[in-house]
Amino acid sequence: MTSAPALDIPHADATVLDNAAWHSLAGPHASFAIGGDLVRRYPADVAPFVAVRTWDDPGVWDALRDLVGPGADVGLSGYDGEIPAGWEFLGGGEGVQLVETPALRPRLDDEAVELGADDAADMLAIVERNQPGPFRPRTHELGRYIGIRREGRLVAMAGERLHPTGWTEISAVAVDADHRRQGLASRLVLDVAFHIQQRGDRAMMHAAATNVNAIAAYERLGFALRRRNAFASVRTPA
């Protein structure tokens, strides 16, 4: 795990971003939390994330297995050490965390409409078509989601996911192939960021390190790299 040079982000404690999922489940998203004081997760139909308070506690692996069950696949964020005997490593990679800077200029979008439970099928469909990242039937409950419809079809979407205190993650940015290069993703990101700031929070994002085009687009909007983070997928002992 490596961090970029410190950024001047006023009115927000950036240290919670070092373990964003945990500080979401221990903070604003506590009503979703399943687990105890060492390992927590979201309900499976809300989000796939499992959060660990600290990897330094010797009981963390037993607590993790107890929470997700035997023979279960689980994603680990922020851990790049050895896994215990009996656990299976399935794969891994590197992600980046981006945070807003003073260069970000959020604004409302007149065409964007708020999405909710009645739009869940359309939201799942656009995610399936574009694969922006994990999205479950109840992910929309984590925050405010918006979209743009053309002739009734949801062609672009973005919304809020992780919510560590003082911060809100912009996620699920998806635009159908035949509506790209029209600035729809940027417009929705700026609208989501506007409402985040109106609540007094700051905006942040995550992306795979290999998704260089998206990272460059977010940097042009006024986001900057804060840190790189290892992630891995493992299977618990049967």
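Residues numbered from 1 in each chain as written. Predicted model: local features only at pLDDT ≥ 70, side-chain atom pairs only at ≥ 80, totals over all residues. Heavy atoms only, no water.

A.B. asks: Please provide a residue-by-residue account of the overall build of the chain, values included.
C.D. replies: When helices and strands are tallied, the chain shows five helices and 12 strands. Seen through its principal axes, the chain has C-alpha atoms that stretch 55 × 40 × 30 Å. Evaluated residue by residue, the chain yields a buried proportion of 46% over its 238 residues. Looking at the chain alone, contacts between residues at least 24 apart form 71% of all its contacts between residues at least 6 apart. Computing the positive centroid from 24 side-chain charges and the negative centroid from 32, the chain places the two 4 Å apart. (Helix = DSSP H or I, 4+ residues; strand = E, 2+ residues; numbered from the N terminus. Buried < 20%, exposed > 50% of the residue type's maximum accessible area, 1.4 Å probe, protein only. Contact = heavy atoms within 4.5 Å. Lys, Arg positive; Asp, Glu negative; His and termini not counted. Charge placed at Lys NZ, Arg CZ, Asp CG, Glu CD.)

A.B. asks: Outline the sheet that holds strand β4 (residues 50-52), listing residues and values.
C.D. replies: Spatially, the three strands line up as an open sheet ordered β2-β3-β4, and their pairing is antiparallel. If you trace the sheet from one side to the other, it starts and ends with β2 (34-35) and β4, each paired once. Along the sheet, helix α2 (residues 60-68) contacts β2, β3 (39-41) and β4; its crossing angle with β3, the most-contacted strand, is approximately 30 degrees. (Pairing = 2+ DSSP bridges. Axes fitted to C-alpha atoms, helices over the stretch in contact; angles between N-to-C directions.)

A.B. asks: Can you tell me about the side chain of H140, naming the residues and giving the values?
C.D. replies: By the element assignment, H140 lies in the loop between α3 (120-130) and β8 (145-150). According to the relative accessible area criterion, H140 is buried, its value standing at 12%. Those residues within four positions of H140 in sequence are excluded, and the remaining contacts are G116, A117, A120, M123, F135 and Y145.

A.B. asks: Quick one: what's the story with the pattern of salt bridges, residue by residue and with numbers?
C.D. replies: In the structure shown here, the tally under the stated rule is 19 salt bridges. For R227, the salt bridge identified is with D18, shortest N-O distance 3.0 Å. One end of the pair, R227, is in strand β12 (residues 223-235); the other, D18, is in the loop between β1 (2-3) and α1 (20-25), and 209 residues separate them in sequence. Among the residues examined, D18 registers a relative accessible area of 40% and is labelled partly exposed. Ionic pairing is found between D119 and R149, a salt bridge with its closest N-O pair at 2.9 Å. Residue D119 is located in the loop between β7 (113-115) and α3, and its partner R149 is located in strand β8; the two are separated by 30 residues in the primary sequence. Overlapping salt bridges bring together D109, E111, R150 and R187 as one network. (Salt bridge = Lys/Arg side-chain N within 4 Å of Asp/Glu carboxyl O.)

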